[in-house]
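# An overview of the molecular structure
Single-letter residue listing:
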Amino acid sequence: MSEPKDRTIDIADTDRIESARELLSNAAQLVSFTGAGLSAESGIATFRDAQTGLWAKFDAMKLASADGFARDPELVSSWYQDRRRAMAQARPNAAHRALAERADLHHITQNIDDLLVRAGADPARVVSLHGTMTRDRCHGTCGYEVTIDMHDPPGLRTCPTCGEHLRPAVVWFGEMLPMEAWTEAERLCLGCDVLLVVGTSAVVYPAAGLIALAKDAGAQVIVVNTQPSDASALADVELIGRAGEVLPALLSSK
Ligand code: BV8
């Protein structure tokens with residue numbers, strides 16, 4: 001998907017961009033916290049935006065849940081097949097590249113695409129709170145996992161080890177987040193000077209609670225979003241604009 005032509009940043013934004021750049025240049029520990037809006041300009045549908053959001057076409061809460069999978073495993077599997085094909089066609093956008101180019105950043109993402117790593121971010125510095133669509137795992141307890149060919153994603157099938165269904169290695173609504181990822185995300189938020197919050201409605205918990213955790217621990221919070229969100233009240237600086245336009249201006253070294 002070609003990235004939309006950038007509009008120039010408004011003068012008011014420029015003042016806010018400067019104060020945000022000031023915060024970033026003084027940061028010793030900089031952490032990004034990202035949501036579906038980071039990948040929107042790569043053509044990956046978000047959960048909430050009416051015109052493109054998955055809510056508009058599906059009840060994502062039902063499909064992205066163990067109950068939904070139990071009710072109709074074929075439907076849920078084909079939903080992920082479509083999303084995997086879309087992800088295989090998607091390319092990292094300017095926002096992914098701006099984040100990836102900052103080797104000093106640690107990244108906490110709610111997203112299950114691999115665009116931040118494909119943009120060049122060090123996988124060891126990316127915490128994927130909600131798992132990844134690039135792998136399937138056993139829905140049972142045997143621990144079997146397998147990497148998926150995103151260009152030719154398989155449909156519903158059973159675990160070769162125990163016979164249970166295989167399902168995407170993502171965290172569904174009502175499921176616990178992976179303990180290791182959650183512990184690392186808490187550690188990063190408790191220790192950062194600046195938390196850069198990008199493209200999230202901040203309504204999905206416990207992930208969204210990390211913003212207040214960082215703030216209460218003394219971090220400055222910069223929010224980048226195309227519209228106000230539940231993160232707005234916690235922002236020290238809020239920049240309303242597309243991530244693909246704002247992040248390069250915010251993070252470039254010049
Ligand atoms: C848990 C993987 C507890 C799957 C995802 C009732 C029943 C069950 C649970 C709950 C319940 N009520 C509340 C809960 C808790 C629930 C929750 O928070 N629900 C919310 C919706 C009310 N949370 C959970 O269930 C979590 N688990 O609580 O377990 C537990 C305890 C003990 C024992 C067992 C269990 C698990 C949550 C994880 C769900 N999985 N993803 C999949 O994707 O298929 S979350 C999913 O939603 C995605 O990860 C996505 O990231 C996230 C949506 O949030 P956002 O990323 O913010 O995306 P969104 O579309 O909302 O917003 C995009 C933003 O970007 C917008 O603001 C838009 O303006 C902006 N934007 C758009 N374009 C751009 C942009 N910004 C900048 N530039 C642009 N170009």
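As the structure is a prediction and not an experimental result, all values here were calculated from the model.

What follows covers the overall build of the chain. A count of helices and strands for the chain gives 10 helices and nine strands. Over its C-alpha atoms, taken along the principal directions, the chain stretches across nearly 55 × 35 × 30 Å. Within the chain, contacts between residues at least 6 apart in sequence are counted, and of these 66% link residues at least 24 apart. Taken as a whole, the chain presents about 12000 Å² of accessible surface, with 53% of it coming from carbon and sulfur. Seen as two clouds, the 24 positive and the 34 negative side-chain charges of the chain have centres 3 Å apart.

Turning next to the pairing of strand 9 (residues 237–240). One face of the sheet, then the other: side chains in a regular strand alternate in exactly this way. Only one face of strand 9 is covered, namely the face carrying V237 and L239; the face carrying E238 and I240 is uncovered. Where strand 8 (residues 220–225) meets strand 9, four bridges bridge the pair, whose relative direction is parallel. Among the inter-strand pairings, N225 is bridged to a residue of strand 9, identified as I240.

The next point concerns the state of the cysteines. Per the stated rule, a full pass over the model turns up zero disulfides. Just so you know, C159 is unpaired, no disulfide at all, and the nearest cysteine sulfur is the one on C142, 3.6 Å from it. Exposure remark for C159: the relative accessible area of 4% places this residue in the buried category. A disulfide-free cysteine, C162 has its sulfur positioned 3.4 Å from the sulfur of C138, the nearest such atom.

Take the sheet that holds strand 5 (residues 145–147) next. The three strands lie next to each other as 5-4-6, forming an open sheet whose pairing is antiparallel. Two strands bound the open sheet, and with one partner strand each, they are strand 5 and strand 6 (166–170). Neighbour-to-neighbour, the strand axes of this sheet turn through a mean angle of 40 degrees, independent of strand direction. Pairing geometry for strand 4 (residues 131–138) and strand 6, over four bridges, is antiparallel. When the bridges of strand 6 are listed, C138 appears paired with L166. Each of strand 4 and strand 6 touches helix 5 (residues 73–89); the most contacted strand, strand 4, lies at about 140 degrees to it.

Residues in close proximity to the ligand total 37 residues, the closest being R48, Y80, R83, S201 and Y205. Within the backbone of G174, a nitrogen or oxygen atom sits 2.7 Å from an oxygen atom of the ligand. Within the backbone of G199, a nitrogen or oxygen atom sits 3.2 Å from an oxygen atom of the ligand. Relative to its free-state accessible area of 1500 Å², the ligand is covered by the protein chains to the extent of 77%. Along the lines of polarity and charge, the residues of the shell around the ligand split into 17 nonpolar, 14 polar and six charged. The two domains that each donate at least three residues to the shell around the ligand are domain 1 (1–44 + 92–130 + 177–254) and domain 2 (45–89 + 133–170).

This next bit is on helix 5. An ideal rise of 1.5 Å per residue puts 24 Å on 17 residues; helix 5 measures up with 25 Å between its terminal C-alpha atoms. Residues P73, V76, S77, W79, Y80, Q81, R83, R84, M87 and A88 constitute the buried set of helix 5.

Counting across every chain of the model gives three aromatic pairs. A ring pair is formed by F69 and W172, whose centres lie 5.1 Å apart and whose planes are at 45 degrees; its orientation type is tilted. Remark: W172 occurs in the loop between strand 6 and helix 8 (179–191) and F69 occurs in helix 4 (residues 66–71); sequence separation between them is 103 residues. When sorted by exposure, F69 lands in the same class as W172, which is buried. Here the aromatic residues F69, W79, Y80 and W172 are joined through ring pairs into a cluster of three or more. Note that R167 overlies the ring of W172, its terminal NZ or CZ placed 3.8 Å from the centroid.

Rules used in this analysis
Residues numbered from 1 in each chain as written. Predicted model: local features only at pLDDT ≥ 70, side-chain atom pairs only at ≥ 80, totals over all residues. Heavy atoms only, no water. Helix = DSSP H or I, 4+ residues; strand = E, 2+ residues; numbered from the N terminus. Contact = heavy atoms within 4.5 Å. Areas by Shrake-Rupley, 256 points an atom, 1.4 Å probe, with all protein chains shown as cover. Lys, Arg positive; Asp, Glu negative; His and termini not counted. Charge placed at Lys NZ, Arg CZ, Asp CG, Glu CD. Buried < 20%, exposed > 50% of the residue type's maximum accessible area, 1.4 Å probe, protein only. Pairing = 2+ DSSP bridges. Disulfide = S-S within 2.5 Å. Axes fitted to C-alpha atoms, helices over the stretch in contact; angles between N-to-C directions. Near = heavy atom within 4 Å. Polar contact = N/O pair within 3.5 Å; in protein donor to acceptor, adjacent residues only side chain to side chain. Nonpolar A, V, L, I, M, F, W, Y, C, P; charged D, E, K, R; others polar. Domains from an automatic or database assignment. Expected span 1.5 Å × (residues − 1). Phe/Tyr/Trp six-rings, centres within 6.5 Å; stacked < 30°, edge-to-face > 60°. Lys NZ or Arg CZ within 6 Å of the ring centre and 35° of its normal.

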